[in-house]
Structures are given as structure tokens and as C-alpha cells.
Amino acid sequence: MCRQVFGFRLAMIAVAAPAALLNASPGLGVRLVGGAVVVTFMGSYVLFRDWERFGPLLLRHPALLAADTVLGTLLLISAGPDTTLAYVSVCTPLLAGIVYGWRGAACFASLQSLILLLVHTTLEQGPAVGLAEKLLLPGLCVITGAVGSTLRGLMLRFGEATHALTAVRARLAVTEALGAERARLAREMHDSVAKTLHGVALAADALARSTDLDPATVRQHAELVARSARRAAAESRELLTDLRREPGEGGQGDDGVDVLPELMARTHDFADRTGLPVTYRAMGDRATLPLPPTIARQLLTITAEAMENAHRHAAPTRVEVSAGVRGELLTLSVHDDGRGLPPGTTLEHLRRTGHFGLVGMVERAACVGARIRIGAGSDARGTEVRLELPLTAL
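Residues numbered from 1 in each chain as written. Predicted model: local features only at pLDDT ≥ 70, side-chain atom pairs only at ≥ 80, totals over all residues. Heavy atoms only, no water.

**Brief notes about the overall build of the chain**
Here comes step 1: Across its full length, the chain carries eleven helices and seven strands.
Here comes step 2: With 394 residues in all, the chain has 38% of them scored as buried.
Here comes step 3: Taking as baseline every contact in the chain between residues at least 6 positions apart, the subset at least 24 positions apart corresponds to 71%.
Here comes step 4: Taken as a whole, the chain presents about 22,300 Å² of accessible surface, with 63% of it coming from carbon and sulfur. (Helix = DSSP H or I, 4+ residues; strand = E, 2+ residues; numbered from the N terminus. Buried < 20%, exposed > 50% of the residue type's maximum accessible area, 1.4 Å probe, protein only. Contact = heavy atoms within 4.5 Å. Areas by Shrake-Rupley, 256 points an atom, 1.4 Å probe, with all protein chains shown as cover.)

Next up, the structure:
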């Protein structure tokens, strides 16, 4: 705002300078007025162009504004109060109010009003000037001083409100970040360690009930328990490594993960581990699809969670996983022929009852900008988890 006031002063000084020089007395008078024009013009120009650098000098030294007022008075006497220099005089209390507050505004408004009255008195030999006209500019000085101090108060309160709003936004951002991190940790724990440990518990129960069976069966159950325990340890180690990774630090495979072959491999591994007939069907015309590791991890986890849910809850006879790219859209589908979702199933109901598998899949899809639909597919029986990811958004 101060810069704009100085810009206005520049224009007014430039317009009134010729009149001030023409009316000045020859010799010393012209030189004094010319020096005043140069000093006031350059001072206004410097403060208009580089207020951030020179403005603090004006804030610390009110005498600079007082000196400018004296020089402006010299110009005003030479050019006359009926020129645009009168507006320069009115700007002085406005600047004082903005820069120094109401005390500065009162001081400079009084000083400038007195100067204007003295100028009118000095120039009384000219045409007769009425009392109202004499008091017009001093009155404007008082008004602009009050306006300047009021604007200063408003700007200070606005700055305090902006600072408070910034602080609130920062706290909200921290809270949202903490909430997002908690949700991420909950998803990772549910989809990796917790699920694997549940499998370990089931295998251990089967091992405890197989004491009367042949040694080969006991050995098979024991190997399943050991394999599941090692898998849980590996998942825990991976989760801890991810937590200790510095922000911005990449993990392994930063060049990209080829999702399509990895999906096929994990599908076959799931079929071997559970004995459930699971088939993988490739779609589209692309055999490879490198994706960033963070996005690939979410897609692979959603697929694994969908197969685990089908195996544990749907009692299917078969599961079909299909994936591929058509155009710029990656489509991933996990379909089973099991009992399907219970009627009236909603994410909020699942969250309240402590079932977080489907909730986690929806949250993971949202993290990578994918669309996900969970429900009956093209086949009336069973459940389909269908995910669509626009590759142009990556």
C-alpha cells in the first residue's frame, strides 16, 4: 500500500514540477526548487521501486518523512496550493498513519495542516481565497491521517488472522498426515502380518490335532507352520524397513515393477499354497507393464487381499484373476464363484464391525487414483473385485 502511495506521489510531482520551476525566483530560487524536485521525486521513486529494501529506513527514521515534508513545502510555495502538489501534501499524513500509526498520523496531519495554512497566508496577495477553501486541504490531511491509521490497524489484524489461519492449517495438515499414516499402518498390518499370523495359528491348530496321523502329514503341517512364520517375519521386516525409510528415499526396484508377470506369479503361488483352483488370464496386447514401486505394491496387495477374502469367506470352487491394459486403462479383476457378499453390506458397517479387508482395498485404490468396484460381476454368482487405473494419471 505504501508503494502505491509513493507511485501516486511520483505522478503528482512530475505533473506539478514545471509549474514549480516556472514560478520560482530566478537564480537561487530556481536552484532550490529544482533540488527539491529532484530529491522528492527520486525519494518517491526509490521507495516505490524497492520498498522492501528502503521501507525499513522510513519505519526507523520518521525524520526522513519530516525532511520530505519540508522539501514538499518548498515546492508547494513555489507552485501554489492549487496545483497537484497539494495532493502530495495530503499523502503525507496518509503515509504517516500507515507507517507509524495514529500518533504519527496525528503529528504529520497537524504539521501538514499548519504548513498549508501558512502557504495560504503567504500567498494572500493573489486572488481572494475563502475560509472554506483555506480549510479544505488541512481538513483532507486530518481525514487521510485517520484513514491511514485505520488501514494500518486493519492490515495488522488481517495479518494476525492470516497467521492464526496458517497455524490452524498447519495443525490440520499434521493431524491429517498422522491419520493417513495410522490408516496406512493399519492396512499394512491387516494385509500382511496379521493375516499371515492368522494362517500360522490355523496351521498350528491343525498340527495339534494331527498327533494321531502319520508322520508325513505331521511333517506337512509343521512345514506349513514354519513357512508361514518365516513369511510373517519377512513381512514384519519389510514393514519396519518401510517405516524407517527417510522421506523421499526410494526402496528397492525404483526403476519400476513389472506388474503383469508379478500378478501371474503371485496367483500361482496362492494356488499352490492354498490348494484352491486359481487361474490367471491375461488381457490386452501388453505382456509387461512397469509401474512405480509404490503403485505396484498397492495393486499387488489389493489382488492378494481379494484372493484371501474369497478363500476365507466365500467358500468358492474356483477363483479367476485377470489383468491387462486396453488403451491407457489398466483393468484388474478377481472373481470367485462363492456365496457372495451378504445383503446390505457397506464399508461403514464393515468398519464398525472390525472387518477391514474391503475397507483397506478401497483406501489403497484411492491412494493410487484407481476406481474400484466390489460386488456381483457379470456372473450372477460370486463376487468380483474390479479395479481400473488410468495410466495417463500416473
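**Observations concerning the environment of V259**
Here comes step 1: One can find V259 in helix α8 (residues 259–274).
Here comes step 2: Judged by its relative accessible area of 0%, V259 falls in the buried class.
Here comes step 3: Between the C-alpha atom of V259 and that of P292, which follows or precedes it by 33 residues, the distance is 9.5 Å.

**Structural notes on the pattern of salt bridges**
Oppositely charged side chains can pair when the atoms bearing their charge come close.
Here comes step 1: What the rule picks out here adds up to six salt bridges.
Here comes step 2: R266 is the partner of E262 in a salt bridge, and the nearest nitrogen-oxygen pair spans 3.0 Å. Placement of the pair is E262 and R266 together in helix α8, with a separation of four residues, close to one helical turn.
Here comes step 3: Note on E262: relative accessible area 28%, which makes it partly exposed.
Here comes step 4: Judged by its relative accessible area of 39%, R266 is partly exposed.
Here comes step 5: Its salt-bridge partner being R281, residue E320 comes within 3.1 Å of it at the nearest N-O pair. Here E320 is found in strand β4 (residues 319–326), whereas its partner R281 is found in strand β2 (residues 278–284), with 39 residues between them in sequence.
Here comes step 6: E320 gets classed as partly exposed once you look at its relative accessible area, which sits at 25%.
Here comes step 7: Assessed through its relative accessible area of 41%, R281 is described here as partly exposed. (Salt bridge = Lys/Arg side-chain N within 4 Å of Asp/Glu carboxyl O.)

**Topic: the nonpolar core**
Here comes step 1: Ranked by size, the top nonpolar core spans 36 residues in total, and within it V278, L291, L330, L387 and L389 carry the most contacts.
Here comes step 2: If you list the elements that add at least two residues to this core, you get α8, β2, α9 (293–314), β4, β5 (329–336), α11 (357–367) and β7 (383–390).
Here comes step 3: Per-element accounting of this core gives the leading share, eight residues, to α9.
Here comes step 4: With sequence-adjacent residues up to four places away left out, V278 is seen in contact with T267, F270, A271, M307, V319 and V321.
Here comes step 5: Formed by 19 residues, the second largest nonpolar core is a distinct cluster that contains M12, A17, A20 and V90. (Core = buried A, V, L, I, M, F, W, Y, C linked by side-chain atoms within 4.5 Å.)

**Structural notes on the environment of M264**
Here comes step 1: Along the chain, the position of M264 falls in helix α8.
Here comes step 2: As a C-alpha pair, M264 and T279 span 15 residues in sequence and 8.7 Å in three-dimensional space.

**Let's talk about the pairing of β5**
Here comes step 1: Counting buried positions over the eight residues of β5 gives seven, a clear majority of the element.
Here comes step 2: Taken together, the eight bridges between β5 and β7 define a ladder with antiparallel strand orientation. For T331, the partnering residue across the bridge sits in β7 and is E388. (Pairing = 2+ DSSP bridges.)

**Some details on helix α1 (residues 2–23)**
Residues separated by three or four positions in an α-helix point in the same direction, a consequence of the helix having 3.6 residues per turn.
Here comes step 1: With 22 residues, α1 extends 30 Å between its outermost C-alpha atoms, agreeing within 8% with the 32 Å of an ideal straight helix rising 1.5 Å per residue.
Here comes step 2: Largest kink in α1: about 40 degrees, centred on A16, with the proline P18 one to four residues after it.
Here comes step 3: Among the residues of α1, C2, V5, F6, R9, L10, M12, I13, A16, A17 and A20 are the ones counted as buried. (Expected span 1.5 Å × (residues − 1). Bend = angle between axes of the 7 residues up to and from the residue.)

**Describing the UniProt feature "transmembrane region" (unreviewed entry) in the chain**
Here comes step 1: Per the UniProt record, the feature "transmembrane region" (unreviewed entry) sits at residues 34–51, 63–80, 100–123 and 135–155.
Here comes step 2: The distance from the first to the last C-alpha atom of residues 34–51 is 25 Å, and the span holds 94% helix and 0% strand.
Here comes step 3: End C-alpha to end C-alpha, residues 135–155 measures 30 Å, and it is 100% helix and 0% strand. (UniProt positions renumbered as here; feature names shortened; annotations may be inferred.)

**Let's talk about the environment of I374**
Here comes step 1: Checked against the element boundaries, I374 lands in strand β6 (residues 371–375).
Here comes step 2: Overall, the relative accessible area of 24% leaves I374 in the partly exposed class.

**What about unusual backbone geometry?**
Here comes step 1: Look at A315: it is not a glycine, yet its phi comes out positive at around 50 degrees.
Here comes step 2: Mapping A315 onto the fold places it in the loop between α9 and β4.

**Overview of α8**
Here comes step 1: Over its 16 residues, α8 runs 22 Å from end to end, which matches the ideal 22 Å to within 8%, given 1.5 Å per residue.
Here comes step 2: Buried within α8 are the following residues: V259, L260, L263, T267, F270 and A271. Across the axial projection of α8, the buried residues extend over an arc of 110 degrees, all falling on one side.
Here comes step 3: Buried-residue contacts for α8 involve β1 (257–258), β2, β3 (290–291), α9, β4 and β5.
Here comes step 4: Within two residues after α8, G275 carries a phi angle of roughly 75 degrees, on the positive side. (Arc of directions from axis to C-beta.)

**A few points about the sheet that holds β5**
Here comes step 1: The strand order β2-β4-β5-β7-β6 describes an open sheet built from five strands, whose pairing is mixed. Either end of the sheet is taken by a strand with one partner, and the two such strands are β2 and β6. In this sheet, neighbouring strand axes are inclined to one another by 10 degrees on average, regardless of whether the strands run parallel or antiparallel.
Here comes step 2: Those strands touched by α8 are β2, β4 and β5, and its axis lies near 165 degrees from that of β2.
Here comes step 3: Lying on the sheet, α11 is in contact with β6 and β7; it crosses β6 at an angle near 160 degrees. (Axes fitted to C-alpha atoms, helices over the stretch in contact; angles between N-to-C directions.)

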